[in-house]
Amino acid sequence: MADTTDTRRTPAPDRDGRRDAREVPELPPYGRLREGLRAYGLISAMWVRSTLAYRASFALTTVCNLAATVLDFVSILLMFSHVSVLGGYRLPEIAFLYGASSIAFGFADLLIGSMDRLGQRVRDGTLDTLLVRPAPVLAQVAADRFALRRIGRIFQGAVVFGYGVVVLDISWTPLKLLLVPVMLAGGSLIFCSVFVAGGAFQFVAQDASEVQNAFTYGGQTLLQYPPTLFGAELLRGVTFVLPLAFVNWLPALYILGRPYPLGLPTWAAFTPPLVAAGCCALAGAAWRAGLRSYRSTGS
């Protein structure tokens, strides 16, 4: 009687984290996404359990992280102790902009902020250990050392955002109400794509975490202030090149009833999801190109 046991061997992943498609059929896009989300969830849950094992330490680091983010808004309060209007915007309006950018960036930093460690992994060769594991490399890098303490930034941003909403006399309509979650979700995805693109750049530069931070943390700081403070060239850059203006400026200005920079049309306020999708696609392509170019340390 013939042996019907399937003796096919599952090959090890290659440097791109994918198996040989000639022996194992490649997963469809939704399958790869599901696999990546599952790996991300398992790794991040492991780090959360590790963090909560020392609850006093977690509480102290969270409070310190919250205090550090509070100082950002304190600097704005100090400005308004000397002026009543900044760039044509009152304090509650700037609080609205500040809170929206902080919440969007806070979620991106919580979910994928570990990307800035990729350069260190490339330099010391520890990225090789991620390549041989049966999980997408991006999910492993993003979930590495998942820092639950970063929720402090989200909480602080939500408090400032709530202050702006309560104090401002906004004429709420169904479209404006719908635009608030769209703005926050789209802004988070745009910042996530910037983190991923910065990580891809570190495959080439290897020591570029500060360059990445200039566009992530620096971009979030830029969006805390109204666009009227900046020159037209900078506004064009953050609208048409690195579209950070879609994180909060364009949708928030529609909610506040303020004119758009650069004379953009009104419907531009509702495009953050489309811009976020495009940014994620470009960041994904950059990540795959960077991963294919990786050649280890040679040691």
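Everything numeric in this text was worked out from a predicted model, so none of it was measured.

1. Observations concerning the overall build of the protein
Each helix and strand counted, the protein has twelve helices and zero strands in total. Secondary structure of the protein in N-to-C order comes out as α-α-α-α-α-α-α-α-α-α-α-α. The buried share among the 299 residues of the protein stands at 44%. Of the contacts formed within the protein by residues at least 6 apart in sequence, a portion of 76% connects residues at least 24 apart. Of the roughly 15,600 Å² that the protein leaves accessible, carbon and sulfur atoms contribute 65%.

2. Some thoughts on the pattern of salt bridges
Note on pairing: side chains with opposite charge can pair once their charged atoms come close. Going through the model one piece at a time under the given rule, you end up with four salt bridges. Across the pair Arg 150 and Asp 109 runs a salt bridge, and its minimum N-O distance is 3.8 Å. On the criterion of sequence distance, the pair formed by Arg 150 in the loop between α6 (137-143) and α7 (151-167) and Asp 109 in helix α3 (residues 91-112) is long-range, its members being 41 residues apart. The class for Asp 109 is buried, based on a relative accessible area of 4%.

3. Some details on the nonpolar core
Grouped together as the largest cluster of nonpolar side chains are 78 residues, with contacts concentrated most on Phe 96, Leu 127 and Trp 287. Counting residues per element, this core draws most heavily on α3, which supplies 13 residues. Sequence-distant contacts of Phe 96, that is, excluding residues within four places in its chain, are made with Phe 161, Gly 164, Val 165, Leu 168, Ile 170, Met 183, Ala 252, Ile 255 and Leu 256.

4. As for the confidence of the model for the protein
When pLDDT is averaged along the protein, the result is 86; 89% of the residues meet or exceed 70. The least confident element of the protein is helix α4 (residues 118-124), whose mean pLDDT is 85; the most confident is α3, at 95. Taken as a whole, residues 1-25 scores under 50 in pLDDT and shows 22 contacts with residues more than four places along the chain or in a different chain.

5. Quick notes on the layout of surface pockets
If a probe the size of a water molecule is rolled over the atoms, the empty space left behind becomes visible. In this structure, the second largest pocket occupies an estimated 370 Å³ of space. In terms of lining residues, the second largest pocket is bounded by 18 residues, among which Ser 193, Val 194, Ala 197, Gly 198 and Leu 242 are the most central. Only α8 (174-205), α9 (209-223) and α12 (272-293) provide two or more residues apiece to the lining of the second largest pocket. Of all the elements, α8 adds the most residues to the lining of the second largest pocket, at seven residues. When its residues are assigned to classes, the lining of the second largest pocket shows 14 nonpolar, four polar and no charged.

6. A look at helix α11 (residues 249-256)
Counting buried residues in α11 gives eight out of eight residues, a clear majority hidden from the surface. Turning to α11, the residues buried within the fold contact α3, α8, α9, α10 (232-241) and α12. Residue Gly 257 follows α11 closely and has a positive phi angle near 75°.

7. Let's talk about the environment of Ala 232
Counting through the fold element by element, Ala 232 comes out in helix α10. Its relative accessible area of 37% is what places Ala 232 among the partly exposed residues. As a C-alpha pair, Ala 232 and Pro 261 span 29 residues in sequence and 8.3 Å in three-dimensional space.

8. A few points about α3
Between its terminal C-alpha atoms α3 stretches 31 Å, which fits the 32 Å expected from 22 residues at 1.5 Å a residue. A large share of α3 lies buried, amounting to 20 of its 22 residues.

Definitions and cut-offs
- Residues numbered from 1 in each chain as written.
- Predicted model: local features only at pLDDT ≥ 70, side-chain atom pairs only at ≥ 80, totals over all residues.
- Heavy atoms only, no water.
- Helix = DSSP H or I, 4+ residues; strand = E, 2+ residues; numbered from the N terminus.
- Buried < 20%, exposed > 50% of the residue type's maximum accessible area, 1.4 Å probe, protein only.
- Contact = heavy atoms within 4.5 Å.
- Areas by Shrake-Rupley, 256 points an atom, 1.4 Å probe, with all protein chains shown as cover.
- Salt bridge = Lys/Arg side-chain N within 4 Å of Asp/Glu carboxyl O.
- Core = buried A, V, L, I, M, F, W, Y, C linked by side-chain atoms within 4.5 Å.
- pLDDT = per-residue confidence, 0-100.
- 1 Å grid on protein atoms, 1.4 Å probe; cavity = no way out; pocket = protein on both sides within 12 Å on 5 of 7 lines; lining within 4 Å.
- Points joined across faces, edges and corners; volume = space filled by probe spheres on them.
- Nonpolar A, V, L, I, M, F, W, Y, C, P; charged D, E, K, R; others polar.
- Expected span 1.5 Å × (residues − 1).

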